[in-house]
Every structure is written in C-alpha cells, then in structure tokens.
Amino acid sequence: MRIGVALGSGAARGLAHIPYIEAMDELGLTPSVIAGSSIGALIGSGWANGMTGAELREHALSVLGSLQQIASTYWSRSSFNLTRLLSTGLSIQVDSEGVTHAFLPEGFPDDFAELKVPFVAIATDYYAWREVVFSTGSLRLAIAASMAIPSLFRPVAANGSYFMDGGVTNPLPLAHIDGKCDVTIGIDVQRSPDPTLAIREPNPIDAAVVATEIMSQRLVDATVASYHPDVYVHAEVGPFGGSEFWRVREILDHASGGKDAFKRAVAGAIAIAELRQRGGAQ
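Residues numbered from 1 in each chain as written. Predicted model: local features only at pLDDT ≥ 70, side-chain atom pairs only at ≥ 80, totals over all residues. Heavy atoms only, no water.

Peer 1: Explain the overall build of the chain here, please?
Peer 2: Across its full length, the chain carries 10 helices and 8 strands. Over its C-alpha atoms the chain spans a radius of gyration of 19 Å, differing by no more than 12% from the 19 Å that the globule rule assigns to 282 residues. Here the chain, with 282 residues, has 48% of them falling under the buried criterion. About 13,800 Å² of surface is accessible on the chain, with carbon and sulfur atoms providing 57% of the total. Counting 20 positive and 29 negative side-chain charges, the chain places the averaged centre of each group 1 Å from the other. (Helix = DSSP H or I, 4+ residues; strand = E, 2+ residues; numbered from the N terminus. Rg over C-alpha atoms; globule rule 2.2 N^0.38 Å. Buried < 20%, exposed > 50% of the residue type's maximum accessible area, 1.4 Å probe, protein only. Areas by Shrake-Rupley, 256 points an atom, 1.4 Å probe, with all protein chains shown as cover. Lys, Arg positive; Asp, Glu negative; His and termini not counted. Charge placed at Lys NZ, Arg CZ, Asp CG, Glu CD.)

Peer 1: Honestly, the packing of helix 1 (residues 17–26) against helix 3 (residues 53–64) in this entry has me stumped. Any pointers?
Peer 2: Two numbers describe a pair of packed helices, the interaxial angle and the distance between the axes. Where helix 1 contacts helix 3, the two axes come as close as 7 Å, and the packing angle between them is 150°. As summarised for this structure, helix 1 and helix 3 are arranged roughly antiparallel, according to the angle between their axes. Counted together, Ile18, Pro19, Ile21, Glu22 and Asp25 of helix 1 and Gly53, Ala54, Leu56, Arg57 and Ala60 of helix 3 form the full contact between these two elements. Per-class residue counts for the contact of helix 1 with helix 3 are 6 nonpolar, 1 polar and 3 charged. (Axes fitted to C-alpha atoms, helices over the stretch in contact; angles between N-to-C directions. Parallel < 35°, antiparallel > 145°, perpendicular 65-115°, else oblique. Contact = heavy atoms within 4.5 Å. Nonpolar A, V, L, I, M, F, W, Y, C, P; charged D, E, K, R; others polar.)

Peer 1: Would you take a moment to explain the environment of Arg200 for this structure?
Peer 2: Mapped onto the elements, Arg200 comes out in the loop between strand 7 (183–188) and helix 8 (204–227). Under the relative-accessibility criterion, Arg200 is labelled partly exposed at 46%. In this structure the C-alpha to C-alpha distance between Arg200 and Ala121, which are 79 residues apart in sequence, comes to 38 Å.

Peer 1: What is the right way to read the packing of helix 6 (residues 96–103) against helix 7 (residues 139–146) from this model?
Peer 2: Following both chains from N to C, one finds helix 6 and helix 7 inclined at 120°, their axes separated by 8 Å at the closest point. The pairing of helix 6 with helix 7 is recorded here as oblique in orientation. As for how helix 6 packs across helix 7, the hand of that crossing is right-handed. Side by side, helix 6 and helix 7 meet where Ser96, Glu97, Thr100 and His101 of the first sit next to Arg140, Leu141, Ile143 and Ala144 of the second. (Left-handed = near helix turned anticlockwise from the far one by under 90°.)

Peer 1: Could you clarify how one ought to interpret helix 2 (residues 39–48) in this entry?
Peer 2: Count 3.6 residues to each turn of an α-helix, and residues three or four apart come out pointing the same way. Most of helix 2 sits inside the fold, with 10 of its 10 residues counted as buried. Residues of helix 2 that are buried sit in contact with strand 1 (3–7), helix 1, strand 2 (33–37), helix 3, strand 3 (119–125) and helix 7. Backbone geometry just after helix 2 places Gly50 at a positive phi near 100°.

Peer 1: Can you help me understand unusual backbone geometry in this one?
Peer 2: Among all residues save glycine, negative phi is the norm, and among peptide bonds the norm is trans. A positive phi angle is found at Ser38, which is not glycine, with a value near 60°. In this model, Trp129 sits at a positive phi of 60°, which is unusual for a non-glycine residue. Structurally, the position occupied by Trp129 is in the loop between strand 3 and strand 4 (130–134).

Peer 1: Please explain helix 1 as it appears in this structure.
Peer 2: Within helix 1, 8 of the 10 residues are buried, which leaves the element mostly enclosed by the surrounding structure. Taken residue by residue, helix 1 has His17, Ile18, Pro19, Tyr20, Ile21, Glu22, Ala23 and Met24 as its buried positions. Positive backbone phi, at 75°, marks Gly28, one or two positions downstream of helix 1.

Peer 1: Help me understand the pattern of salt bridges, please; the structure alone is not making it clear to me.
Peer 2: A side chain of one charge can pair with a side chain of the opposite charge if their charged atoms are brought near each other. On inspection of all chains with the given rule, the structure shows 10 salt bridges. Here Lys259 ties to Glu26 by a salt bridge, and the two come within 2.9 Å at their closest N and O atoms. Of the two residues, Lys259 sits in helix 10 (residues 259–281) while Glu26 sits in helix 1, which places them 233 residues apart along the sequence. With a shortest N-O distance of 2.8 Å, Lys263 and Glu26 are connected by a salt bridge. Linking Lys263 in helix 10 with Glu26 in helix 1, this pair joins segments that are 237 residues apart in sequence. (Salt bridge = Lys/Arg side-chain N within 4 Å of Asp/Glu carboxyl O.)

Peer 1: What is the right way to look at the environment of Ser256 in this model?
Peer 2: Tracing the backbone shows Ser256 in the loop between helix 9 (248–255) and helix 10. A distance of 3.2 Å separates the side chain of Ser256 from the side chain of Arg57, its partner in a polar contact. (Polar contact = N/O pair within 3.5 Å; in protein donor to acceptor, adjacent residues only side chain to side chain.)

Peer 1: Looking at this structure, how should I read the packing of aromatic side chains?
Peer 2: Two aromatic rings are characterised by how far apart their centres lie and by the angle between their planes. Applying the stated criterion to the full structure yields 5 aromatic pairs. Relative to Phe262, the ring of Tyr20 lies with its centre 5.1 Å away and its plane at 85°, an arrangement referred to as edge-to-face. On the criterion of sequence distance, the pair formed by Tyr20 in helix 1 and Phe262 in helix 10 is long-range, its members being 242 residues apart. Residue Tyr20 shares its accessibility class with Phe262, and that shared class is buried. Relative to Tyr127, the ring of Tyr126 has its centre 4.8 Å away and its plane inclined at 75°; by these criteria the two rings are edge-to-face. Cluster of aromatic residues (ring-pair linked, three or more members): Tyr126, Tyr127 and Tyr162. (Phe/Tyr/Trp six-rings, centres within 6.5 Å; stacked < 30°, edge-to-face > 60°.)

Here is the structure:
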C-alpha cells in the first residue's frame, strides 16, 4: 500500500505535524512519498530521512524548548560569520540557510539522493512569481528556500534565481503526491479564525498577518477541492502565533488531541483502497 503525505506551511504551528507522524508510526505505516512546504519541508525532510515521530518530537524539544535554547542553538550552530556580515551588511532579515543548518539534526544529509523516502520541497521564485519544486541536489538549500518567510528571512539565492517561502504559492502541496499513491494524506496547519477576538480593533501588524493567513487558507481550500485527498486534516493548532516556536511543548500537546481521529481516518482510507484494489483484480 503506497501512501503519500503532504505537509503544509504554517511557521511555528507546523510543529503540529509531529503528532500526526507519531500516529503513522503507531499504525506501522511509512510514506512512499512526502511533499513539504515551508515548515512542512523542514519536518518532512527529517521524516524522509528516517526519523520517527518520537525522534522528531525529541529533537524539536531539544532545540526549541525556550527562547534561550533557540538563541543558543542558532548562534552555536548557524553559519554566521564576520566575513559574511561585512559583505552583506546588517539586516533585520534572518539568514534562512543559517537557520536551516542550525536546527537540522547533526549528521543530516546534504543531498536529496541520501534520503530514505522520496521527498520534494516547495519554494517560490521571487521574480518569476511561480512555484518551484526541489527534488534533487542540495537538500539543505531546498529546505532553506522553502522556509524563507517573506520579510522575516532573506530570499535564498540559487541557480540564478531568488527563492522565498513555498507557502506563498502552495501551502499544502497535494499536487506532488496525487496519482503516485494508493492513499493520499494532506495535513493542513493553518490557523482557524477566532470570532471571539472581535471585541478589539486589529492593529496594523495583526491585520497584515491575518490577511496573509486568510489568503493561505483560501489556497489550501482550493487545493483540497482540486485533489480530494483520501484523508485531510486541519490540525489542532490552537491560538499559537506563527513565531512562537518556544511554545513547542504546548503546540505538540494541543495537536496530539487529534491523533486518534486521524488514525481512524487513515485506517478507513486504507481499507477502502484495499477493497478497490481487490475489486480491480477480479
């Protein structure tokens, strides 16, 4: 039974992917193909490299457990150096390649060819305004490009182009597992609306963030309507902000509440696929 999984964008809320990977492990299932966008590319690459959900959880807690831990991890392991600072100048934007290097596990592979499961990472070409799919070559560069959140991270230069966050053009890359598997799964980690907050006027920053989130969710809705995954999950991401990586434990605990329903949905989808296969063989 070939299973394809698409992991969506959502910044810190993307940590909610991990309990669903744990659920797949508990079912004894390994994907045949994984597609990831933004934070989904980071987590999906670890999964494709053979990490279990428990190992992904342990690693996330070890590097993101507090603001102090995040800062310590970044400054001790990033590719920051004085020469680069002098050549590029001070910037309020973060180096996506440095972040990728800092927060990937030690010994992580450098090339897509070294992964145990076929994997694609989605990025956006800054000047061509189009989705770009990375599936060969430098894995770390592809992850960095996929995670380069506009304004927060510098666009990543590669192959004569500049790339930014894959969530801009494809926040749930179902197209890249469609037709390749018997069962397709899409895990959406976009935030849900909260009408209870209508008692206060939005400030300019909040308004810009929410506008982006609304557009991302409309893209996800259109993608799901086009590709009809066998299992679609809008993960329980709660009230967490996109930058609140230090709340990793809370995000994981919150999302874990959806594991049982997810496992039932996956088991049901597999049963239907098996019936379909037996019917086709007759």
